[in-house]
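# Structure at a glance
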Amino acid sequence: MLRYAQHDTTTFCKVPILGMHIIGITNVTPDSFSGDGRLDVQAAVAHALQLLNNGADILDIGGESTRPGSQPVDTETEIQRVVPVVQGILRAYPQASLSIDTSKAAVADAACQSGVHMINDVTAGADPDMFLVAARHHVQLVLMHNATSGAVQQGTQGIAWQAPSYEDVVAEVADYLLARAAIAMQAGVRQEHIIIDPGLGFGKNVADNLAIMRGLPQLTDLGFPLYVAASNKSFIGETLQVPLAERHVGNLACVAQSFFAGAAYVRVHDVRATRQLVTMLQAVR
């Protein structure tokens, strides 16, 4: 899965064989934490096509916010939000590679039937039918560590967000993701279709998130492509002491760290700047 430069004996400078894939975010919600949600189908499609123009390899389309304190969305509403956007993008650009950001198997199924190639599940299969959907449609499945749900629940959701507690956050995240991957494969998901995400910002404090960023090389060694979604997360703002609108440089620093650690995917808001950064890093390598 990974190749190492012959002259390089460190574990830090790992580069994915196929390079790093840039995933552009298309939120079809009224309450995105980055303030970029678009409920209007035409506006969402136009935004998605602009992301492709700016260099996105994949578009991640979500109809339910996962920010702390966000209101849940029922299945039918979520389907009505995302499926028309998926269809609109593919009508305009049939070659587009699309991901659905959902924790509901029924939403994932509807999106896959409409042409989505990847499921991004921030609960790593809390809905037990999610694995069956991914297996049936032969699509990629992103499994994310989430300390606010499932087997790693730490008290109430509020406690998990405000005061997570880990002995070794990188090791615990790795163990959890390997366990979820094993369950997914038992349910019929092919190993080569599984992608792992350490869940930056989900039930982790600033120190935990920074430890995960340092520990990305360990996570790339687990045998699954690594997916990093640091863009605009609060740990960047708290580290740099800047508001949401000024996290641009911090976002790019996290992309660079992900690149050198061998991550296969980065999920970002600013696709144009990320594409330029990755292109330059690849040229230098």
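Provided above is the structure to which this section pertains.
A quick note: this is a predicted structure, and the numbers were derived from the prediction, not measured.

Basis of the calculations
Residues numbered from 1 in each chain as written. Predicted model: local features only at pLDDT ≥ 70, side-chain atom pairs only at ≥ 80, totals over all residues. Heavy atoms only, no water. Helix = DSSP H or I, 4+ residues; strand = E, 2+ residues; numbered from the N terminus. Expected span 1.5 Å × (residues − 1). Buried < 20%, exposed > 50% of the residue type's maximum accessible area, 1.4 Å probe, protein only. Pairing = 2+ DSSP bridges. Phe/Tyr/Trp six-rings, centres within 6.5 Å; stacked < 30°, edge-to-face > 60°. Salt bridge = Lys/Arg side-chain N within 4 Å of Asp/Glu carboxyl O.

Moving on to helix α10 (residues 248–261). Taking 1.5 Å per residue, 14 residues should reach 20 Å; α10 reaches 20 Å between its end C-alpha atoms and fits that length. In the segment just after α10, G262 is the residue with positive phi, at about 90°.

This next bit is on the pairing of strand β8 (residues 194–197). Burial of β8 is two-sided: the residues I194 and I196 facing one way and the residues I195 and D197 facing the other way are all buried. Two elements, strand β7 (residues 140–144) and β8, share four bridges in a ladder whose sense is parallel. In the strand pairing of β8, L141 is matched with I194.

Turning to the packing of aromatic side chains, a few remarks are in order. A full pass over the atoms with the stated rule returns two aromatic pairs. Ring plane angle 35° and centroid distance 6.1 Å describe the contact between Y227 and Y265, whose orientation is recorded as tilted. You can see Y227 sitting in strand β9 (residues 227–228) and its partner Y265 sitting in strand β10 (residues 265–268), a full 38 residues away along the chain. Between F259 and F260, the aromatic rings sit 5.3 Å apart at their centres with planes inclined by 85°, giving edge-to-face as the arrangement.

This brings us to the pattern of salt bridges. Evaluation of the coordinates by the stated rule reveals seven salt bridges. Where D109 meets R136, a salt bridge forms, and the shortest distance between an N and an O atom there is 3.0 Å. With D109 in helix α3 (residues 105–113) and R136 in helix α4 (residues 129–137), this residue pair connects regions lying 27 residues apart in the sequence. Within the structure, one salt-bridge network assembled from shared partners comprises D60, D101 and R267.

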